[in-house]
Amino acid sequence: MGFERKYVSQEELRKHDKPGDLWISIQGKVYDVTDWVKTHPGGDTPLLNLAGQDATDAFIAFHPGTAWQHLDQFFTGFYLKDFEISEVSKDYRRLASEFSKSGMFDRKNHLVIYSLCFVTLLFGLSICGVLCSNSFWVHMGAGALLGFSWVQVTYLGHDSGHYNIMTTRGFNKLAQILTGNCLTGISIAWWKWTHNAHHIACNSLDYDPDLQHLPFFAEFYKRYKNIYLIIDIYIYSKDITVYL
C-alpha cells in the first residue's frame, strides 16, 4: 500500500495560533511547536507572531542549513492542502538569491579591520583633544569625534549581531561583546534577541520588541483601537459631507 498523505487547510492551520496550541507550516509541512516555544533559542516572540501561518521565509532567513534536520521531531503528519508560494515570497527569494550570487552576503574582513582602525583613531583624537588642550572649541570638537566614533561602533555591533563579520565565530562574539557590552553599554545578547524578533515581527504592536519602551511606555493594539475608530468616523463623515 502506498503512503497516503493527510492534509489540513490554511483555515484549520490558522486556528492553532495560541501559546498553548501553536502550529506553523514550512514548505507545505505542518509542525507543532507548542512545547518548543519555551526553549526556542530565538525566544517565543517570533513563533507567536508566525503562529498559524507559513513560516518558510522566516525560517530560511534566520536559521543555518543544519536546522532543517531538527524539524522532523515537530512534524504533525499533516501537509498544507492549499499550499502555494505567494508572489511576495517569490520576489523575496529571487532577490535573496541574486544578492547571494553577487557576494553581498560574503564576509568582507578587510572592511571590518578598516572600521576598527578608524574608530580607534577617532577615539584617540578625542582623548588627545581633551588632555592636550584647554580650548573650549577643541573640547567640543573632541566630544563630536567621540560621538561619531560611538556611531561607528554601533554599526559594527549591529552587523556582528546579524551575521559573522569576523573570520571565526569566536572572534565575532568578541567583536559583539566589545562593541555592545563594553563600548556602548548594552547587552549584545539582549539586543540580538530583540532585534531579530523585530525583523520577524516588524512594526507589530503585539510582537515587535523595538516598539515596546518599558518601563516608560507599553505599546499594544488596543491602545490605538479607539484612535483608529475616530479616524474612520472622521473620514466617513467627510465623505458624506462632500456628497451632500
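Everything numeric in this text was worked out from a predicted model, so none of it was measured. (Residues numbered from 1 in each chain as written. Predicted model: local features only at pLDDT ≥ 70, side-chain atom pairs only at ≥ 80, totals over all residues. Heavy atoms only, no water.)

Re the environment of K15
In step 1: With respect to the element layout, K15 can be found in the loop between α1 (10–14) and β2 (17–18).
In step 2: Between the alpha carbons of K15 and Q53 there is a distance of 9.7 Å; along the sequence they are 38 residues apart. (Helix = DSSP H or I, 4+ residues; strand = E, 2+ residues; numbered from the N terminus.)

So, unusual backbone geometry
In step 1: Although it is not a glycine, Q27 sits at a positive phi angle of roughly 55°.
In step 2: Along the chain, Q27 falls in the loop between β3 (21–26) and β4 (29–32).

Here we look at the packing of helix α6 (residues 136–162) against helix α8 (residues 188–200)
In step 1: In contact at an axis separation of 10 Å, α6 and α8 are set at 70° when each is read in the N-to-C sense. When the axes of α6 and α8 are compared, the pair comes out roughly perpendicular. Contacts between α6 and α8 involve G157, H158, G161 and H162 on the former and, on the latter, I188, W191, K192, H195, N196 and H199.
In step 2: Broken down by class, the residue content of the contact of α6 with α8 amounts to two nonpolar, seven polar and one charged. (Axes fitted to C-alpha atoms, helices over the stretch in contact; angles between N-to-C directions. Parallel < 35°, antiparallel > 145°, perpendicular 65-115°, else oblique. Contact = heavy atoms within 4.5 Å. Nonpolar A, V, L, I, M, F, W, Y, C, P; charged D, E, K, R; others polar.)

Comments concerning the pairing of β4
Walk down a regular strand and you will see the side chains alternate between the two sheet faces.
In step 1: Here β3 pairs with β4 via four bridges, running antiparallel. Within β4, the residue paired with I24 across the bridge is Y31.
In step 2: Between β3 and β4, which pair antiparallel one after the other, the connecting turn spans two residues, and Q27 there sits at a positive phi close to 55°.
In step 3: Where β4 lies against strand β5 (residues 75–80), two bridges are found, and the strand directions are antiparallel. Counted as the bridge partner of Y31 is F75 from β5. (Pairing = 2+ DSSP bridges.)

Section: the side chain of D57
In step 1: Checked against the element boundaries, D57 lands in helix α3 (residues 56–62).
In step 2: You can call D57 buried: its relative accessible area is 17%.
In step 3: Looking at D57, its side chain comes within polar contact range of the side chain of R93, at 2.8 Å.
In step 4: Non-local contacts of D57, meaning those with residues more than four positions away in its chain, are made with S89, Y92 and R93. (Buried < 20%, exposed > 50% of the residue type's maximum accessible area, 1.4 Å probe, protein only. Polar contact = N/O pair within 3.5 Å; in protein donor to acceptor, adjacent residues only side chain to side chain.)

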